[in-house]
Each structure stands twice: as structure tokens, then as C-alpha cells.
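If you want the building blocks of each chain, they are given just below.
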Amino acid sequence: MEESRRDFIKKAAIAAAGTYVGTFGMSAKSYANILGANDRVRIGVVGFSDRFKDTLFPCFLNHNKELNFDIVALSDLWNYRRNLGTDYIKNKIGHGITACKNNDELYALKDLDAVIISTPDFAHALHAIEAVNHKKDVYCEKPFAETMDDANAALKAVRSSKQILQIGSQRRSGQNYQAAADFIKQGKFGDITMVELSWNVNQPGRWRRPDLVAKLKEEDTDWKRFLLNRPYEAFDPRIYLEYRLFWPYSSGMPGQWMSHQIDTVHWFTGLQHPRSVTANGGIYQWKDGRRNWDTTTAVFDYGPLDDMTKGFQVVFTSRMHNGDEKPAEIYYSNGGELNLITNTISPQGGLTARAAAAMKMQANLLPEIKLAAPSAAAASANTGADVLSSNHMRNWLECIRSRKEPNAPVEAGYQHSIANIMTNAAVHTGEKATFDASRKEVMVGGKVFKY
């Protein structure tokens, strides 16, 4: 059968871009000459989740008309959410879309260019592998992977492909975070000595879906396909819909919240993973059958692997029984602090000139600098989506056309996954976790950590 014009255009563009997407031999302008402005890019949705409905889809609607993108299909295992999602998207997008019972049906469709993956945490990496193997560009929600087997396989698959993959670490598309990264990388901040990360809420129903749980029947979905490569256990609608509460389908706090914050540590410093992690906590308040903690403190040692005299500590704390959901991220040096709550670099807490003089040393006080709050990228609509996520979605859409590296490439997801899995290992064993870079495995007590 003769190739369609669309297939020809895509193959020609990929060939011109080179064999490895990281090299990006083409400019956006030259790529646009091949993929014409009138050539619509068609997106499929993998999983009609709350995250997609409430955030990713509004972000997409901010930019899709201007950049000529469309949603044409939705894959969801549960017939209720599949029907709900197709109707919801149809009403917002202005035309019907194809409903798919699973991803086999989705990837059998013609003229599908990319997918947005917003499925349970443990499925992200496996669904990303599936997508790039079908030559689709990918927006993949975080956490990227909850086991090193999945993380290693996904990194290899993405970097063996020619596809654009954006990890949903939207801080990387915020001007304030980008300015902070530049300030630290230029050496202006001095050596980092500590980082404090926290994320606290007080919501008894957080990650609970009782109304949906009551609707879900095993015959209305595909439980075995849902489980993917996790050990088999009997059908449980709570695991299916409240997966963030249940290991090994999610790590809960590390995967949902810490993955965002620890990503900035890797980004700002260039370090790829912690040297070690310890953790303490438990289920202190919400005795509702969950497996994942409602209170967590994880302590990380970061620094160069070949020089243990250099480094800094990172502390992540999270509680689900007292808090106002105002995530805190504060970087400290001897000269002051970089506070991403107030978007301020300041000499707060830094060594004063008087104290330095008394000790016959030089003070390196930081200046007072206000980092610009993130502003919205140009948009064709105003759907109420948050600025960081909207900018991040736009970056992915633009990179699909330009074939440039997105703000959060696969390595960002791989690196936050290592930190998450090290935390999980410490949580589940009570031991200090390390990472064996040669084996690409998380280690506890001299053994590889799996579940």
C-alpha cells in the first residue's frame, strides 16, 4: 500500500533529524519546512485519570489550537471511565474521539503521533516503553518508575528510539526554577550545604476514591492487564483506584511529591542520584487499610562519589494529618539561602562579615535577589491550568515539532526514580540504601532491592 502523505512527512523529518534524538541536527525552522504548519499532530490519551482531566487536558487546551494539535483517541481499561472520558473530551474538543478498550487497540489506529500517559504510578515506565516502541512521542506523568527493572528498561527503550519524551516534572518549565538553576550552576551560590524539602497536607480523603470504588466491578475492566508486571493478587477496586495508598503500585509520598522536589536537586547540581538514603515514619493517623505511610522523613547524602569529603544533606519530610499543602524547597550555603517558597536568594542565616573576621576568614554573603515568579507562555485559551504545568505541556508540544530536547527528558525521570526507589528500599527494610551505578541497582544490606 502506498504510504500516506502523513507517514512520508514523519519519516522524512525523522531521517533528517538524525538517528539519535539527543543530537538534534535540525533547527525548528528547517523542521517546520518538512512538517508543515497545516499538518495536524494527533494525540492519544492513555488513562482518563483525575490528573489528566483536571490538569493535563486543560494545559493541552491552552495551546492545541495555536500549535495545531488534536486529541483523537482515549484508551482506558474500565468501561465507565472510558465512556466518561470520551464524552468529556468530545464536549471540550468539539468532535468525537475513538474509544479503545486497551493500548493494543490504541496503537492499532492509523495517524496517531503521540500519547499523554496518566495511568497509575507503577505503570508509567511500562506504558512509556510501549509508546516509544510504537514510535509515538510521549508526555509521561511522574513518578517515572517505581522499580529499577522498569526504570532501566524504560531508559534504554527511550534512548534507543527517535521519540520525544517529556517527564511531567513541571518545575523545569518555571522561570523561577530555571533562574535558580542558573544561579547555582554559575557558582554564585557557593557550595550547597543542605536542602530542606517538605510537603504537608491535612486531608483525610487524599488519594481516596470511595464513590468510584463502589462503582468498579471486576467484569467491567481488565484486572490482569492492569497489574502488568506486578505480582498477582486478587481483584481489589481500592488498589485499582486508590493505588497511591498501596505498595507496590505506588510508593505514595516519595513518588507523588518527593519526585518533584528531589528532581530540582539533580537539576541544580548535576548529581544523578544520592550516595545514600535512610528513612523513618509510619501510618500514624489514617488507619484505613493503606500500606503506604502517612508520615515520612527521608534523609539523603549527596555529593561526588569519588570524594566523600564533599557533599551536602537533603531532608524530605511529609505528613498527611497536619498541613496546608504549601511545598517548601530551601537550599542553604554558608553565605545564605535560596528559598523557592518566597522565590528569594538572600544572605539569611549566612556567615556575617564580623563573624568571618573574628575567625580570620572571608565571608561570602549572598546578595538579596528576587526570582521572577513563573509566567504563562503564550496561549490560545485560558482554561485555569496552573502556569508551570501549562508551560511544560507547551514545551512538549513545541518539541514534537522541533525535535529538540524537552525541558524534562527521560534522564530526569530516571534520576528521580533512583532517589525514589532508594527511599522505598529504606522504608521497606529499615536499612540504609545505596545505589550501585555499575549494576544500575538499588542496594540494601549488600542485596539488590526489588519490592
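All values derive from a computational prediction rather than experimental measurement.

On to the packing of helix α7 (residues 148–159) against helix α15 (residues 410–429). As a packed pair, α7 and α15 sit with axes 10 Å apart at the nearest point and diverge in direction by 170°. Looking at the two axes, α7 sits roughly antiparallel to α15. Each of Met 148, Ala 151, Asn 152, Leu 155, Val 158 and Arg 159 in α7 lies in contact with α15, whose residues at this interface are Val 410, Glu 411, Tyr 414, Ser 417, Ile 418 and Ile 421. Taken together, the residues of the contact of α7 with α15 sort by class into eight nonpolar, two polar and two charged.

Turning next to the side chain of His 416. Among the structural elements, His 416 can be located in helix α15. Residues within four places of His 416 in sequence aside, it is in contact with Lys 142, Pro 143, Phe 144, Ile 167, Ser 169, Ser 259, Ile 262 and His 266.

With that settled, the discussion passes to unusual backbone geometry. In most cases, non-glycine residues show a negative phi, while peptide bonds are predominantly trans. With an omega dihedral of -5°, the bond running from Lys 142 to Pro 143 counts as a cis peptide bond. Checked against the element boundaries, Pro 143 lands in the loop between β5 (137–140) and α7. Note the cis peptide between Trp 247 and Pro 248, where omega equals 10°. Structurally, Pro 248 can be placed in the loop between α11 (237–241) and α12 (253–269). A positive phi angle, near 60°, is found at Lys 135, a position not held by glycine.

What follows concerns the pattern of salt bridges. For the structure shown, the criterion picks out 24 salt bridges. The salt bridge involving Arg 209 is made with Asp 50; its shortest N-O contact spans 2.8 Å. Of this pair, Arg 209 sits in the loop between β7 (192–200) and α9 (210–215) while Asp 50 sits in helix α3 (residues 50–67); the two residues are 159 residues apart in sequence, bridging distant segments of the chain. A relative accessible area of 29% means that Asp 50 is categorised as partly exposed. In this structure, the salt-bridge partner of Lys 450 is Asp 149, at a minimum N-O distance of 3.0 Å. Residue Lys 450 is located in the segment after β17 (447–448), and its partner Asp 149 is located in helix α7; the two are separated by 301 residues in the primary sequence. The class for Lys 450 is partly exposed, based on a relative accessible area of 38%. On the basis of relative accessible area, Asp 149 is assigned to the partly exposed category, the value being 44%.

Glancing now at the packing of aromatic side chains. With the rule as written, the count across this model stands at 17 aromatic pairs. With a centroid separation of 5.4 Å and 75° between ring planes, the pair formed by Phe 122 and Phe 226 is classed as edge-to-face. With Phe 122 in the loop between β4 (114–117) and α6 (124–133) and Phe 226 in helix α10 (residues 223–227), this residue pair connects regions lying 104 residues apart in the sequence. Taking the relative accessible area as the measure of exposure, Phe 122 reaches 1% and is therefore buried. A relative accessible area of 6% means that Phe 226 is categorised as buried. On the basis of an interplanar angle of 10° and a centroid distance of 5.7 Å, the ring pair of Tyr 302 and Phe 312 is categorised as stacked. Within this pair, whereas Tyr 302 is found in strand β9 (residues 295–302), its partner Phe 312 is found in strand β10 (residues 312–319), the two being separated by ten residues in sequence. Note on Tyr 302: relative accessible area 0%, which makes it buried.

Attention now goes to the sheet that holds strand β6 (residues 165–167). The strand order across the open sheet formed by six strands is β3-β2-β1-β4-β5-β6, and the pairing between neighbours is parallel. If you trace the sheet from one side to the other, it starts and ends with β3 (98–100) and β6, each paired once. If you compare each strand with its neighbour and ignore which way they point, the axes differ by 20° on average. Of the strand pairs in this sheet, strand β1 (residues 41–46) and β4 are connected by four bridges, and their pairing is parallel. Pairing of Gly 44 across the sheet is with Val 115, part of β4. Those strands touched by α3 are β1, β2 (69–75), β4 and β5, and its axis lies near 145° from that of β2. Sitting on the sheet, helix α4 (residues 79–93) is in contact with β1, β2 and β3, with an inclination near 165° to β2.

Now for the confidence of the model for the protein chain. This prediction gives the protein chain a mean pLDDT of 90; 87% of its residues lie at or above 70. Note on residues 1–37: pLDDT is under 50 here. Beyond four places in sequence and across chains, it has 50 contacts.

With burial as the criterion, each face of strand β16 (residues 441–444) is covered, one bearing Glu 441 and Met 443 and the other bearing Val 442 and Val 444. Of the pairings in the sheet, the one linking strand β15 (residues 433–436) to β16 comprises four bridges and is antiparallel in character. Along β16, the bridge assignment pairs Phe 435 with Val 442. Hairpin connection, β15 to β16: the antiparallel pair is bridged by four residues, and Lys 440 has positive phi, about 55°. Here two bridges tie β16 to β17, and the two strands are oriented antiparallel to one another. By the bridge assignment, Met 443 is partnered in β17 with Val 448. Where β16 hands over to β17, the hairpin turn is made up of two residues, of which Gly 445 adopts a positive phi near 60°.

Quick look at the environment of Cys 100 now. If you trace the backbone, Cys 100 turns up in strand β3. We classify Cys 100 as buried; its relative accessible area is 2%. In the structure, Cys 100 is positioned 27 residues away from Ala 73 in sequence and 7.2 Å away in space, judged by C-alpha atoms. The contact partners of Cys 100, leaving out residues within four places of it in the chain, are Leu 74, Ser 75, Asp 76, Arg 82, Glu 105, Leu 106 and Leu 109.

Procedures and definitions
- Residues numbered from 1 in each chain as written.
- Predicted model: local features only at pLDDT ≥ 70, side-chain atom pairs only at ≥ 80, totals over all residues.
- Heavy atoms only, no water.
- Axes fitted to C-alpha atoms, helices over the stretch in contact; angles between N-to-C directions.
- Helix = DSSP H or I, 4+ residues; strand = E, 2+ residues; numbered from the N terminus.
- Parallel < 35°, antiparallel > 145°, perpendicular 65-115°, else oblique.
- Contact = heavy atoms within 4.5 Å.
- Nonpolar A, V, L, I, M, F, W, Y, C, P; charged D, E, K, R; others polar.
- Salt bridge = Lys/Arg side-chain N within 4 Å of Asp/Glu carboxyl O.
- Buried < 20%, exposed > 50% of the residue type's maximum accessible area, 1.4 Å probe, protein only.
- Phe/Tyr/Trp six-rings, centres within 6.5 Å; stacked < 30°, edge-to-face > 60°.
- Pairing = 2+ DSSP bridges.
- pLDDT = per-residue confidence, 0-100.

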